[in-house]
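Report on the structure
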Amino acid sequence: MPRPKPPPSSPASPDEVEQQFYEALQNGDIEALMAVWADDDDIFCVHPGGPRVVGPVAIRAAFEGIFSNGAINAQPEKVRRVHGPACAVHSVLEQVRVRQQDGMHSAWVIATNVYMQTARGWRLAAHHASPGSQREMQELIDAGSTIH
């Protein structure tokens, strides 16, 4: 399978890659989503409660399945960062909004995004997401964040 095309400009930082990742989720854009991933057969992704998905072909298939139900309204609410010269790790509290029969509902997801510096600039190497809890919502309230 051919590698995804790089985005128009190589991201200059892990934060730019993260922004592109969440925009692709929110738009349900599989091409933009795959463009943020590193060109490596060992990249991986774990969705909340799901198995480890390894490699670009498997990751693409997993997200195509998710996008078949529409875009993912995931908003990064609180990010903690550890950056090194060639690797960065972000712990992200995501607010995911889901429309159900009785209206919009929010769920919380705790994600770890790992970025690495490549010849094409910064790229996503791993995304691991776990179900969040009411405690994460309280953490946002205590920190003074706005919750919609």
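Attention in this report is confined to the structure presented alongside it. (Residues numbered from 1 in each chain as written. Predicted model: local features only at pLDDT ≥ 70, side-chain atom pairs only at ≥ 80, totals over all residues. Heavy atoms only, no water.)

1. Overview of helix H3 (residues 56-67)
Taking 1.5 Å per residue, 12 residues should reach 16 Å; H3 reaches 16 Å between its end C-alpha atoms and fits that length. Among the residues making up H3, those that are buried are Pro56, Ile59, Arg60, Phe63 and Phe67. For H3, the arc enclosing every buried residue in end-on projection is 100°, short of the 170-degree limit, so these residues lie on one face. Those residues of H3 hidden inside the fold are in contact with helix H1 (14-27), helix H2 (30-35), strand S1 (44-46) and strand S2 (52-54). (Helix = DSSP H or I, 4+ residues; strand = E, 2+ residues; numbered from the N terminus. Expected span 1.5 Å × (residues − 1). Buried < 20%, exposed > 50% of the residue type's maximum accessible area, 1.4 Å probe, protein only. Arc of directions from axis to C-beta. Contact = heavy atoms within 4.5 Å.)

2. Quick look at H1
Between its first and last C-alpha atoms H1 spans 20 Å; for 14 residues at 1.5 Å apiece the expected length is 20 Å, and the two agree. Elements in contact with the buried residues of H1: H2, H3, strand S3 (73-83), strand S4 (87-100), strand S5 (103-118) and strand S6 (121-131). Looking at the residues trailing H1, positive phi occurs at Gly28, about 60°.

3. Focus on the environment of Val82
Topologically, Val82 is positioned in strand S3. Taking the C-alpha atoms as reference, Val82 lies 9.7 Å from Val114; in sequence the two are 32 residues apart. Each residue touching Val82, except ones within four places of it in the same chain, is listed here: Cys87, Ala88 and Val89.

4. Points about the nonpolar core
Here is a general trend for soluble globular proteins: nonpolar side chains tend to be buried in one another's company. Core analysis: the largest hydrophobic core is formed by 28 residues, its most contacted members being Phe21, Leu25, Leu33, Trp37, Ile59 and Phe63. Looking at this core, the elements with two or more residues in it are H1, H2, H3, S4, S5 and S6. By residue number, the principal contributor to this core is H1, which donates 5 residues. In contact with Trp37, other than residues within four places in its own chain, are Ile43, Phe44, Cys45, Ile59, Phe63, Arg120, Arg123, Leu124, Ala125, Ala126 and His127. (Core = buried A, V, L, I, M, F, W, Y, C linked by side-chain atoms within 4.5 Å.)

5. Here we look at the pattern of salt bridges
A full pass over the atoms with the stated rule returns 4 salt bridges. Among the salt bridges present, the one from Arg60 reaches Glu64, with a minimum N-O distance of 3.2 Å. Residue Arg60 and its partner Glu64 are both found in helix H3; the two are separated by 4 residues, about one turn of the helix. On the basis of relative accessible area, Arg60 is assigned to the buried category, the value being 14%. Residue classification places Glu64 among the partly exposed residues on the basis of a relative accessible area of 39%. (Salt bridge = Lys/Arg side-chain N within 4 Å of Asp/Glu carboxyl O.)

6. Structural notes on the side chain of Arg120
With respect to the secondary-structure elements, Arg120 resides in the loop between S5 and S6. The class for Arg120 is buried, based on a relative accessible area of 18%. Separated by 3.4 Å, the side chain of Arg120 and the backbone oxygen of Trp37 make a polar contact. Within the structure, Arg120 has its side chain in polar contact with the side chain of Asp39 (distance 3.3 Å). (Polar contact = N/O pair within 3.5 Å; in protein donor to acceptor, adjacent residues only side chain to side chain.)

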